[in-house]
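Structure assessment
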Amino acid sequence: MSREDSILVTGGAGFIGSNFVLTWIREVGSTVINLDSLTYAGNLNNLQSLSENSKHIFVHGDIADEELVGRLLREHKPRAIVHFAAESHVDRSIVGPGAFVQTNVIGTFALLQAAKAYYLELSAEEQQQFRFLHVSTDEVYGTLEPNDPAFSETTPYAPNSPYAASKAASDHLVRAYFHTYKLPVLTTNCSNNYGPYQFPEKLIPLMILNGLEGKPLPVYGDGKNVRDWLFVEDHCSAIRAVLEHGRLGETYNIGGSSEKANIDVVTTICDLLDELAPSTEIGSRQKLIAYVNDRPGHDRRYAIDARKIKQELGWEPAERFESGIRKTVAWFLANQEWVENVRSGAYQQWIETNYAERVAR
Ligand code: NAD
Ligand code: DAU
């Protein structure tokens, strides 16, 4: 193992991955080898503050490249792999599911194969230290009715979108590598994240940017679908807690105890924009809300029962939704250069593909 306990992070140029890398280097301080293939969602500008920091080693490559991953593991001898890399957007999985199967299933399989081969070469002491932490989602559990109890770690899997199904498949592979090969794995299933560096195809950053520019705010269906929102840095602290103290082979649900209907999230963003970026030309942002055709197979409600991680590891979110969403709106307002960089031609193309058919109702 490396003398200073490095870790290998996959997908560390994406939204949660880059927040994880930044907070890891700030809070823990050991070296991060960051393997990312820089899809449309990967952005090295997220990590600009580390450009002179030797603790961050960026490697441009694919998790499905087993040989590359094997080489990185042998060269750096990390004490853990923290696996974020994925295709992550439900709407894109509906338009083009193939990429989700490729990265989330085949890519995770290749990563597990490389990790297993590396693990078997370690000394007994190094094996004791090693961890493979798989970052997954609450969407594997399917959907809830308004009065159903929240998802717990024993809720049966019932994924409904190609994205959720591909993540469920990856969770099952990770589980199998623990039971069959004794690879020391941990899995986390988290609810919806929001915060700095989120790619503006997802609800919260999309609404902030459209609202800022006075564009329509496309709310799917009746706007009453419910998500359990968690500030991204709280997700990162939960992952660190599971990595350090989680029981091998276990899964931990992570959530913000912050269930909100989409329409309430959108009106909150409108009010914050009116307060922090008032515009006489645009007027009240709530007037921009446009109900549009629903997402096919749209899950009605997600909610996380996070008692296990609280009781076993003492983890709780630090941020409340009200403070986290204010910080997030303020971050997007203060980081217009970052915004301009991500809204490339490929982004515009996606916006046209996804919203052209969703005529206002
Ligand atoms: P993201 O789409 O913002 O980032 C994904 C990153 O993975 C990008 O940097 C991309 O370039 C990289 N990547 C994609 N395919 C790759 C490949 N084949 N090889 C190497 N790198 C590759 O995603 P996110 O929102 O940051 O989510 C990160 C992880 O957390 C995912 O596994 C996702 O399923 C999970 N998750 C996300 C949320 C959420 O609300 N965003 C909630 C729970 C769990
Ligand atoms: O629950 C965890 C999951 O949360 C993660 O695993 C996914 O990677 C992440 O993308 C997120 O999935 P959602 O589908 O819940 O997130 P999204 O931001 O795409 O949508 C949130 C809700 O807002 C959902 O009910 C759909 C709705 N929505 C979304 C968009 C983009 C709209 O009403 N209008 C929109 O334009």
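See the structure above.
This report concerns the structure included in the present document. Each residue is numbered by its place in its chain's sequence as written, counting from 1. Chain labels run from A onward and ligand labels from 1 onward, assigned in the order the entries are written. Two thresholds apply to this predicted model, a pLDDT of at least 70 for residue-level local features and 80 or more for giving and counting side-chain atom pairs, whereas whole-chain, interface and lining totals are computed over all residues. Water and hydrogen atoms play no part in the side-chain values, which are based on all heavy atoms of the structure.

Before going further, it helps to examine the pairing of strand 5 (residues 131–137). For every residue, the accessible area obtained with a 1.4 Å probe (protein chains only) is divided by the maximum for its type, and the residue is called buried under 20%, exposed over 50%, and partly exposed between those limits. Note on conventions: DSSP H or I runs of at least 4 residues are helices, E runs of at least 2 residues are strands, and numbering of each starts at the N terminus. Extensive coverage of strand 5 is indicated by the burial of 7 of its 7 residues. Here strand 5 shows a buried face lined by Arg131, Leu133, Val135 and Thr137 and a second buried face lined by Phe132, His134 and Ser136. In this scheme, strands are said to pair when DSSP sees at least two bridges between them. Of the strand pairs in this sheet, strand 4 (residues 80–83) and strand 5 are connected by 4 bridges, and their pairing is parallel. When the sheet's bridge partners are listed, His83 is paired in strand 5 with His134. One ladder, built from 6 bridges, connects strand 5 with strand 6 (residues 185–190); its direction is parallel. By the bridge assignment for strand 6, His134 is matched with Thr187. The crossover handedness rule: strands pointing away from the viewer, path from first strand over the helix to second strand clockwise, crossover right-handed. On the question of chirality, the crossover connecting strand 5 to the parallel strand 6 by way of helix 6 (residues 162–181) is right-handed.

Moving on, we get to the pattern of salt bridges. We count a salt bridge whenever a side-chain nitrogen from Lys or Arg sits within 4 Å of a carboxyl oxygen from Asp or Glu. Throughout the structure, instances matching the rule amount to 24 salt bridges. The shortest N-O distance in the salt bridge between Asp91 and Arg295 comes to 2.7 Å. Residue Asp91 is found in helix 3 (residues 90–95), and its partner Arg295 is found in the loop between strand 13 (289–292) and helix 10 (307–313); the two are separated by 204 residues along the sequence. On the basis of relative accessibility, which here comes to 3%, the residue Asp91 falls in the buried class.

Two elements in contact, helix 7 (residues 203–213) and helix 11 (residues 321–334), have axes separated by 10 Å at closest approach and are oriented at 55 degrees. By the angle class used here, helix 7 and helix 11 are oblique. Classified by chirality, the crossing of helix 11 by helix 7 is right-handed. Together, Ile204, Pro205, Ile208, Leu209 and Leu212 of helix 7 and Phe321, Ile325, Thr328, Val329, Phe332 and Leu333 of helix 11 make up the contact between the two elements. Residue polarity is assigned by list, with Asp, Glu, Lys and Arg as charged and Ala, Val, Leu, Ile, Met, Phe, Trp, Tyr, Cys and Pro as nonpolar; anything else, Gly included, falls into the polar class. Here the contact of helix 7 with helix 11 is composed, by residue class, of 10 nonpolar, 1 polar and no charged. In this analysis an axis means a line fitted to C-alpha atoms, helices contributing only their contacting stretch, and an angle means the value between N-to-C directions, from 0 to 180 degrees. Should an angle lie under 35 degrees it is considered roughly parallel, over 145 roughly antiparallel, and from 65 to 115 roughly perpendicular; all remaining angles are considered oblique. Should the near helix be turned anticlockwise from the far one by less than a right angle, the crossing is termed left-handed; should it be turned clockwise, right-handed. Only heavy atoms matter for contacts: two residues are in contact if any of them lie within 4.5 Å across the pair.

Right, let's talk about the site of ligand 1 for a bit. Around ligand 1, a shell composed of 29 residues is seen, among which Ile16, Asp36, Ser88, Tyr163 and Lys167 lie nearest. In this structure, an oxygen atom belonging to ligand 1 sits 2.6 Å away from a side-chain N or O atom of Tyr163. Coverage of ligand 1 by the protein amounts to 96% of the 840 Å² it exposes when considered alone. For the shell around ligand 1, the elements supplying multiple residues, two or more each, are helix 1 (15–27), strand 5 and helix 6. The leading source of residues in the shell around ligand 1 is strand 5, at 3 residues. Within the shell around ligand 1, the residues separate by chemical class into 12 nonpolar, 13 polar and 4 charged. Each residue is tested against the molecule or strand, and it is near if at least one of its non-hydrogen atoms lies within 4 Å. Nitrogen and oxygen atoms within 3.5 Å of one another constitute a polar contact, given that in protein one can donate a hydrogen and the other can accept it, and given that sequence-neighbouring residues count only through two side-chain atoms. Accessible surface is estimated by sampling points in the Shrake-Rupley manner with a 1.4 Å probe; for residues, cover comes only from the protein chains shown.

This brings us to the side chain of Ser93. Here Ser93 is to be found in helix 3. From its side chain, Ser93 meets the backbone nitrogen of Tyr163 in a polar contact 3.1 Å long.

The subject of this paragraph is the nonpolar core. Nonpolar cores are built from buried Ala, Val, Leu, Ile, Met, Phe, Trp, Tyr and Cys residues. Side-chain atoms within 4.5 Å join them into one set. Among the nonpolar cores identified, the biggest contains 69 residues, and Phe20, Val82, Ile204 and Ile309 are the most heavily contacted of them. Sequence-distant contacts of Ile309, defined by excluding residues within four places in its chain, comprise Ala238, Val242, Tyr252, Asn253, Ile254, Gly314 and Trp315.

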